[in-house]
Amino acid sequence: MDRLSREEVLHVAYLARISLTGEEIEKFRVQLKVLMDDIDKIKSVKDYDDEMMYTPIEDNTRLREDVVGKMLSAKDATINAPKKNGSFIEVPVMINE
Amino acid sequence: MSKYLDLDIRKIHELLVKKEITPLDLVDEALSRIEENKDLNAFITINDKVREEASELGEVDPDNLFFGIPIAVKDNIVTKDLKTTCASHILENFIPIYDATVVEKIRENKMLIIGKTNMDEFAMGSTSETSYFGAPLNPHDKKRVSGGSSGGSASAVSGGLIPLALGSDTGGSIRQPASYTGIVGMKPTYGRVSRYGLVAFASSLDQIGPITRTVYENASLLNVLVGEDDRDLTSVKKDKEDFTRLIGEDIKGLRIALPKYFVSDIVDEEISKRIKEVISFCDKNGAVVDIVDMQYLDTAVNLYQIIAMAEASSNLARFDGVRYGFRASDVNSVDEMYGKTRGEGFGDEVKRRIMVGSYILSGENAKTYYDKALMVRDDITKEFNRIFKEYDLIIGPTTTRVAPLLGNSKDDPHKAFMDDVLVIPVNMAGLPGLNVPVGKNSEGMPIGLHIIGKAFDEATIYKLASFLEEVF
């Protein structure tokens, strides 16, 4: 069965910031290859215009007025944070990384 | 036990107006049905305040058709103070601090949110089996899936647990489960319904829509959901209209196109046969049905894979274990926190799509894959527009087969996309599409007809759907 190399899987996992276990790397070597082959099929579409469609909305330049709206309180903003200290969100040490 | 929830919504409303029943009666009936059908696994979370909310409505006079009616909400639409998990471990305990716009609208109309429905994790899948909480089952045959990604909403409505539900549709996720479970599901035109508060999967494709037992209820619920919203600048301002207005009219003179691809050999024989019966019925009733050639339909799945995975990889970057959701323990650096949180928090389908999406958007690949997909997407849209110059509607089967058995697509990343091969083109062009049941196959499983309309012409879709609903 066709599969990606371990290095290729680790490369896309790094791009996606997803850590994989050894078992997952083996599984994804095959499964990601299936998807990569699928997306490659776009290369065989020959007859197309070069106009790109980013959105189905015709008027995609609508903007709202720039006015001060309701703000989140610190309590609400941090209510779902997995680790916090008072109104601050805690993360691992970043300095000297 | 009472059977009020089996009545037409207009009849329920009448009983509420006459004070013969109360919203609490309806909620109690729904809760007891959910409990009796727990094995369907249609819900992830039940709203434990819903009885209290229903009691408060007991003293109020009904002011609209949906007053006091219980509704279920797909678990990727945020509900203030009510857990919203997206069927993922990474959001297992997430409590939103605001309501989605559609949730505000259903609350304004005094509907009662009974709970949050099961789904594919982050709406990625076609059977709801990627849910962290296990798959919802098909009420017609519990060995089969209820489709995806709005499988829980479909299972709940089809099983009679609840009359109404909200779903979301990025590549068929309302229409395909509606087809598998024999109910009515509408993906409105992109921009009809605000996406504010819908946890984004593929922003240029996602749209929220109603899942109901009947066409009339579907159109009526869409009346409530639509509208421009300054918090979603892709929502579109349109004059207010009543989507039920053409229901009940005959279909004489309606011009309908049936693309050859929709009845090609990718479709199961029994389904094709039923679609032909529908066509001859339309013919007999004065509609004109022509078989037409349409280019690019067979490329839609490929485009969807590229566009949806790319947009998903970007949208799901926000789940990093910092501000909300699960965070992996024992991490010593920020990079390690991101990687381990996402590695432990996401399921396989989501990981695959984020990884391939990140690859698609990296460096020169963005041109090779994403930009080219957007170009062909534009061509599909033009092709739909060409057909709609001559026809009012396009029809075909919603799915190529009836609901498959559980486990059928397990570990096959390709199959998850192919289940939606007939419904995906509609998302590419941003058009409205609806599933209406047109009978069952020899195994007793529902068959669905897919009706596609011109942009912002949902009313004509409902017209044909209601005409067929009476017969099939």
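Residues numbered from 1 in each chain as written. Chains lettered and ligands numbered in written order. Predicted model: local features only at pLDDT ≥ 70, side-chain atom pairs only at ≥ 80, totals over all residues.

1. Points about helix H3 (residues 50-57) of chain B
All names here are of chain B. Put simply, the rule reads: Here a residue counts as buried when 20 or more other C-beta atoms fall within 10 Å of its C-beta, as exposed when 12 or fewer do, and as partly exposed in between; the C-beta atoms come from the backbone. Helix and strand assignments come from DSSP, with helices taken as H or I runs of at least 4 residues and strands as E runs of at least 2, each series counted from the N terminus. Arc definition: directions from the helix axis to the C-beta atoms. For every residue pair, C-beta atoms are placed from the backbone, and the pair is scored as a contact if these atoms sit within 7 Å.
Three or more residues of H3 are buried, namely Val50, Ala54 and Leu57. Looking down the long axis of H3, one finds its buried residues gathered within 55° of arc, a one-sided arrangement. Elements in contact with the buried residues of H3: helix H2 (23-36) and strand E3 (112-117).

2. Some points on the interface of chain A and chain B
Tallying the contact residues gives 43 residues for chain A and 57 residues for chain B. For the side of chain A that touches chain B, the secondary structure elements donating two or more residues are helix H1 (6-15) and helix H2 (22-40) of chain A.

3. Observations concerning the sheet that holds strand E7 (residues 184-187) of chain B
Residues and elements named next belong to chain B. Put simply, the rule is: In this analysis, strands are considered paired if DSSP registers two or more bridges between them. Between the N-to-C directions of two axes lies an angle of 0 to 180 degrees, each axis being a line fitted to C-alpha atoms and, for a helix, fitted only over the stretch in contact.
In space, the eleven strands of this open sheet follow the order E1-E3-E2-E6-E8-E7-E12-E13-E11-E9-E10, with mixed pairing throughout. Bordering the open sheet on either side are strand E1 (43-46) and strand E10 (288-292), each of which pairs with just one other strand. Averaged over all pairs of adjacent strands, the angle between their axes in this sheet comes to 25°, without regard to strand direction. Two strands pair when backbone bridges link them, and strand E11 (residues 393-397) and strand E13 (residues 446-453) are joined in this way by five bridges, in the antiparallel orientation. Along E13, the bridge assignment pairs Pro397 with Leu449. Its contacts with the sheet put helix H15 (residues 458-469) on E7, E11, strand E12 (433-440) and E13, and the angle it makes with E13 is roughly 150°.

4. Overview of the packing of helix H7 (residues 215-225) of chain B against H15 of chain B
All names here are of chain B. Quick reminder of the rule: Under this scheme an angle from 65 to 115 degrees is roughly perpendicular, one under 35 degrees roughly parallel, and one over 145 degrees roughly antiparallel; angles in between are oblique. Should the near helix be turned anticlockwise from the far one by less than a right angle, the crossing is left-handed, and should it be turned clockwise, the crossing is right-handed. Under this grouping Gly is polar, as are all residues other than the nonpolar Ala, Val, Leu, Ile, Met, Phe, Trp, Tyr, Cys and Pro and the charged Asp, Glu, Lys and Arg.
Where H7 meets H15, the axes come as close as 9 Å, and the angle between the chain directions of the two elements is 160°. In terms of axis orientation, H7 runs roughly antiparallel to H15. Seen from above, H7 lies across H15 with left-handed handedness. Of the residues in H15, those touching H7 at Val215, Tyr216, Ala219 and Leu222 are Glu458, Tyr462, Ala465, Ser466 and Glu469. Across the contact of H7 with H15, the residue classes break down as six nonpolar, one polar and two charged.

5. With respect to the nonpolar core
All names here are of chain B. Condition: Nonpolar core, as used here: buried Ala, Val, Leu, Ile, Met, Phe, Trp, Tyr and Cys residues forming one set through C-beta atoms within 7 Å.
Within the largest apolar cluster, 163 residues are counted, with the highest numbers of intra-cluster contacts made by Ile71, Ile162, Ile306, Leu393 and Ile451. Of the residues forming this core, the biggest block, ten residues, is contributed by helix H9 (residues 300-315). Contacts of Ile71, omitting those with residues within four sequence positions, involve Ile106, Met111, Leu112, Ile113, Ile114, Ile162, Leu164 and Ala165.

6. Digging into the pairing of E11 of chain B
Side chains on a regular strand alternate between the two faces of the sheet. Residue and element names in this part refer to chain B. Burial analysis of E11 places five of its five residues in the buried class, the great majority of the element. Inspection of the sheet shows strand E9 (residues 255-259) paired to E11 by two bridges, in the parallel sense. Following the sheet pairing, Ala257 is matched in E11 by Ile394.

Geometry only, nothing functional implied.
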